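Here is what each chain is made of, one letter per residue.
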Amino acid sequence: MEACVAVEKEIDKILSKFASIRENGSKNIEETIEFLSSIKPELEQAQADTEFNERQLFIIHLAIAKVKETVSRLASEHRDLHSSVSKVGKTIDRNFTQDYASTSFDRVFSGADKEKLLNQVICQHMYRHGFLEIGEELAKESGLEIHENSKQPFILLNEILEKLRHRNLDAALEWAQTHREQLMEQNSSLEFKLHRLQFLQLVSEGPGKQGEALAYVRRHFPPFVHQHETDIQNLMGVLAFIPYGVHNSPYKKLFDPILWTEICEVFVKDACALLGFSVESPLSVCVNVGSISLPALLNIKQVMAQRQVAGMWNAKDELPIEIDAGREYRYHSIFACPILRQQGSDSNPPMRLVCGHVISRDALNKLSSGNNVLRAIRTGQSVARLKCPYCPREFDSSEARQLHF
Ligand SMILES: [Zn+2]
């Protein structure tokens, strides 16, 4: 952000300079043109085959000098502007790091298998966003075999979503009715929300549609009475205001266009959950999180290089610093061992001690060896009792239980 501000400042300077040069330049040119026009009648008086008289020569010299002066002034201003423009380039170079190579590992994408995976992810992203032709072309060129089954759901979802964006609920309603049971199982209110919008569309068409709206309620709302009782009562209230115009009624907030944006989001979320897809494209998530993390990583890389601790960033699955990519990119809790200060992993999971304190398995193993064994020998116990590092409780290492997040 600071980098952007610094560059913007430089650009602002140029823009104001450019404006003033343009203003001055056109003023100068106009003045010169005016001067030349003013001397024209004088020179026209001269005969074609006679020499200029002294007065006319003087005027011509004066004109040449003036034009020369104007041109050289314009040229020098232009030169000046040019140097300022090239300064922007330098400011960009100074403020933005171009060497991103230091934060990436080449081997991540090398190898036929990994390339194939990458292409698959890109292809899936294209299908997901409705760019079917691009996805197909990529699959063809990269030799990917995409099964029709893996493509079909995305095609359907996109078609429905496109219609929803144009406030056409039919396709979405049909889809939701077909999948009613599964949607109910995942506690989705998608179908109800679709019916609600359909109903509201009817009532907003005025008194002519009152009967139809009422029939719609009777036909479609009964399955949702349990879950959405208050909402349905609210909707019934709208009916009373049809003759007076629902958009100026106390229920006008039900007609907020935001509900249409919301229904698209609900549809994508619930449909993806039902089909077992993540709501957001994995490729978008990776690119976004990567962009958010890059500045911090470049910074830490620089600091590590300065302090000559580059060797510290060796762990493959772990970053050298914690990066907060924001709430929307938080998916699950992680455990960091308070003793070894390491992030938990499959091979080093969190272990809950009998007292409730949690440490990593490596830390527990370290406790088991060392001092505790000596203590056991000293106190004559056959089994080494361990002491919790955080409270006085003693326990046997076999009593610790693995925690799963
Ligand atoms: Zn404890």
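Residues numbered from 1 in each chain as written. Predicted model: local features only at pLDDT ≥ 70, side-chain atom pairs only at ≥ 80, totals over all residues. Heavy atoms only, no water.

In its Subcellular location (unreviewed entry) section, the UniProt record describing the chain reads: "Cytoplasm". (UniProt positions renumbered as here; feature names shortened; annotations may be inferred.)

Chemist: Could you give an account of the overall build of the chain, naming the residues involved and the relevant values?
Modeler: Tallying secondary structure elements over the chain gives 14 helices and five strands in all. Its C-alpha atoms give the chain a radius of gyration of 37 Å, more than 25% over the compact-globule value 22 Å for 405 residues. Here the chain holds 405 residues, and 30% of them are scored as buried. Put simply, 58% of the contacts in the chain that link residues at least 6 apart link residues at least 24 apart. Summed over its atoms, the accessible surface of the chain is roughly 27,500 Å², and 54% of this surface lies on carbon and sulfur atoms. In the chain, the 47 positive side-chain charges and the 53 negative ones have mean positions that sit 9 Å from each other. (Helix = DSSP H or I, 4+ residues; strand = E, 2+ residues; numbered from the N terminus. Rg over C-alpha atoms; globule rule 2.2 N^0.38 Å. Buried < 20%, exposed > 50% of the residue type's maximum accessible area, 1.4 Å probe, protein only. Contact = heavy atoms within 4.5 Å. Areas by Shrake-Rupley, 256 points an atom, 1.4 Å probe, with all protein chains shown as cover. Lys, Arg positive; Asp, Glu negative; His and termini not counted. Charge placed at Lys NZ, Arg CZ, Asp CG, Glu CD.)

Chemist: Lay out the sheet that holds strand E5 (residues 401-402) in plain terms, naming residues and giving numbers.
Modeler: The antiparallel open sheet is built from three strands, whose spatial order is E2-E1-E5. Unpaired on one side and paired on the other, strand E2 (358-360) and E5 mark the two borders of the sheet. Where helix H13 (residues 361-368) meets the sheet, it contacts strand E1 (350-352), E2 and E5, and its direction lies at approximately 90° from that of E2. (Pairing = 2+ DSSP bridges. Axes fitted to C-alpha atoms, helices over the stretch in contact; angles between N-to-C directions.)

Chemist: Could you give an account of the packing of helix H8 (residues 190-203) against helix H11 (residues 258-275), with specific residues and numbers?
Modeler: Look at H8 against H11: their axes get within 10 Å of each other, and the N-to-C directions meet at 155°. Taken as axis vectors, H8 and H11 run roughly antiparallel relative to one another. For the element pair H8 and H11, the recorded crossing hand is left-handed. Residues Leu 190, Lys 193, Leu 194, Arg 196, Leu 197 and Gln 201 of H8 form the contact with H11, whose own contacting residues are Leu 259, Trp 260, Glu 262, Ile 263, Val 266, Phe 267 and Asp 270. Of the residues in the contact of H8 with H11, the class split is eight nonpolar, one polar and four charged. (Parallel < 35°, antiparallel > 145°, perpendicular 65-115°, else oblique. Left-handed = near helix turned anticlockwise from the far one by under 90°. Nonpolar A, V, L, I, M, F, W, Y, C, P; charged D, E, K, R; others polar.)

Chemist: Describe the coordination of the zinc ion, with residues and values.
Modeler: Donor atoms from the polypeptide that coordinate the zinc ion comprise Cys 355 (SG), His 357 (ND1), Cys 388 (SG) and Cys 391 (SG), at 2.1 to 2.3 Å from the metal. For the zinc ion, the four donor atoms in the first shell make angles of 104 to 114° at the metal, so the coordination geometry reads as tetrahedral. (Donors = N, O, S within 2.8 Å, 3.2 Å for Na, K, Ca; no water. Tetrahedral: all angles 85-135°; square planar, octahedral: opposite > 155°, others 65-115°.)

Chemist: How would you explain the UniProt feature "domain: CTLH" (unreviewed entry) in the chain if you had to name every residue and give the values?
Modeler: UniProt marks residues 153-210 with the feature "domain: CTLH" (unreviewed entry), using the numbering shown here. Helix makes up 74% of residues 153-210 and strand makes up 0%, while its end C-alpha atoms are separated by 37 Å.

Chemist: Would you mind going over unusual backbone geometry in detail, with residue names and values included?
Modeler: Here the phi dihedral of Arg 167 falls at roughly 60°; this positive angle occurs in a residue that is not glycine. Mapped onto the elements of the fold, Arg 167 is located in the loop between helix H5 (148-165) and helix H6 (170-178). Look at Arg 167 and you get partly exposed, because its relative accessible area is 41%. Positioned with a positive phi, Asn 187 is a non-glycine residue whose angle comes to about 60°. The residue Asn 187 is located in the loop between helix H7 (180-185) and H8 in this model. On the accessibility criterion, Asn 187 (60% relative accessible area) is exposed.

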